[in-house]
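In case you want the letters, here they are:
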Amino acid sequence: MALKDLSILLVEDDPVFRSIVAAFLSNRGAQVVEADDGQQGLERFSQSDFDVVLADLSMPILGGLDMLKQMIKRKPNTVAIVISGNQVMADVVEALRVGAVDYLVKPVSDLCIIENAILQNLSGSLEQDVKIDDLEELSYQELEEHLSLLEQNAQAAKSVQQQLFPPSEIDYPKAKIDYSLFKSDEVSAYFIDSANVGDQYLIMYMAHFHPQDNRAAFASVLLKSFVNQKLKLFRNGSTQTVIEPFNMLSYLNERMNKSGLDIYVDIIYSVVELSHYRASIAQAGKGLRCYIRNDEGLMPLALPDSLQLGILEWGQPSTQFRNLMPGESLCIVSSIAEHKQMLLDDQFLGLTYHTTTAPGGYVQMSF
């Protein structure tokens, strides 16, 4: 049985749906512990170790999002999959931000979707013959439900994407991230993110989506979800992909190709090993540029053009390695001279709606 010997905590306030899901998972070989609200879920969580937490976001007493935050604070490697109703997309985005690895939407038309989600997110550590091509990312189910809404409703798309962007300044223990992204429409065609990967690595990436429409909001959710998945698997000791830029872009290209979004992505994905400040950088597309910043200004890194993510005949990203010297910063900038000058002027404003500045921007990692 596909889920044999897995321990699953199922937190769901709907007794009928909870009973159906629990029976299905048990029949597939899992050991299921049930809870009917967030407070009870936390109590069950503290009493045992679970391979997976499957939780509704809309529950009484203690909501799923608050419960999830406490669980991940206690056990950062928690593999959590959340369930969302159509009305709580902002909570889904926040759940991804705090560490959920995936999500699905109610009503769940096929319980195998839940099984596939569990296998997909544990596939790096399960000793089973699981064909990844046969498993669907749950985010594609969300895509089918919400893409038409996002295409028609600019305000909904803006709200979804706005939740994903970090503050303009992020202080990590050994580095700082600053950025400015400028948009002239409701939705930004650009996205940035960063994360500490254990104590030894820091990742930073910037993406530019084509075409520039409301699909960019959903592409941002997908991109962050895919990176979160590999980040979680790294923390579980299952895979090194998240700190391998070449392999990471290959993975992201595969996922974007299968997303059904018909969207293409320029992206630069960088990893810095924090003991020796060795940077590894991979690039797809040609709309973004990577620079080393020092007292003399911006020095471009030699990254040849490559095809954007999402193109079926995509080959491979271009890559570069560089040891950062004391006082040097790593920067990613859109291909607009105005943005490079604003970076040199240290204008870090976060995500900004601006009608006179060209869309795009820059992000800087300094030490």
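Everything discussed here concerns the structure shown above.
Here goes a summary of the coordinates provided.

Analysis parameters
Residues numbered from 1 in each chain as written. Predicted model: local features only at pLDDT ≥ 70, side-chain atom pairs only at ≥ 80, totals over all residues. Heavy atoms only, no water. Helix = DSSP H or I, 4+ residues; strand = E, 2+ residues; numbered from the N terminus. Buried < 20%, exposed > 50% of the residue type's maximum accessible area, 1.4 Å probe, protein only. Areas by Shrake-Rupley, 256 points an atom, 1.4 Å probe, with all protein chains shown as cover. Pairing = 2+ DSSP bridges. Axes fitted to C-alpha atoms, helices over the stretch in contact; angles between N-to-C directions. Contact = heavy atoms within 4.5 Å. Core = buried A, V, L, I, M, F, W, Y, C linked by side-chain atoms within 4.5 Å.

Looking only at helices and strands, the chain has ten helices and 17 strands in total. Here the chain holds 367 residues, and the buried ones make up 59% of them. For the chain, the computed accessible surface area is about 15100 Å², with 46% contributed by carbon and sulfur atoms.

Across the sheet, which stays open at both edges, the five strands sit in the order β2-β1-β3-β4-β5 with parallel pairing between neighbours. The strands lining the two open edges of the sheet, one partner per strand, are β2 (31-35) and β5 (102-105). Across the sheet, the axes of successive neighbouring strands diverge by a mean angle of 20°, strand direction being ignored. Taken together, the four bridges between strand β4 (residues 80-84) and β5 define a ladder with parallel strand orientation. Its bridge partner lying in β5, I83 is registered against L104. Across the sheet, helix α3 (residues 64-74) is in contact with β1 (7-11), β3 (52-56) and β4; its angle to β3 comes to roughly 155°.

As a further point, take the side chain of T239. By the secondary structure assignment, T239 is in the loop between α8 (215-235) and α9 (245-258). Assessed through its relative accessible area of 17%, T239 is described here as buried. In this structure, T239 is in contact with K230, L233 and F234, ignoring residues within four places of it in sequence.

Another aspect to go through is the nonpolar core. F209, L223, L252, I267 and L330 are the most contacted members of the largest nonpolar core, which has 92 residues in total. For this core, the element with the most residues is α8, which contributes eleven residues. Not counting the four nearest positions on each side in its chain, L330 is found in contact with M204, S270, V272, A279, I281, C290, Y291, I292, L301, V363, Q364 and M365. Listed in part, the 26 residues of the second largest apolar core include L10, I81, I114 and A117.

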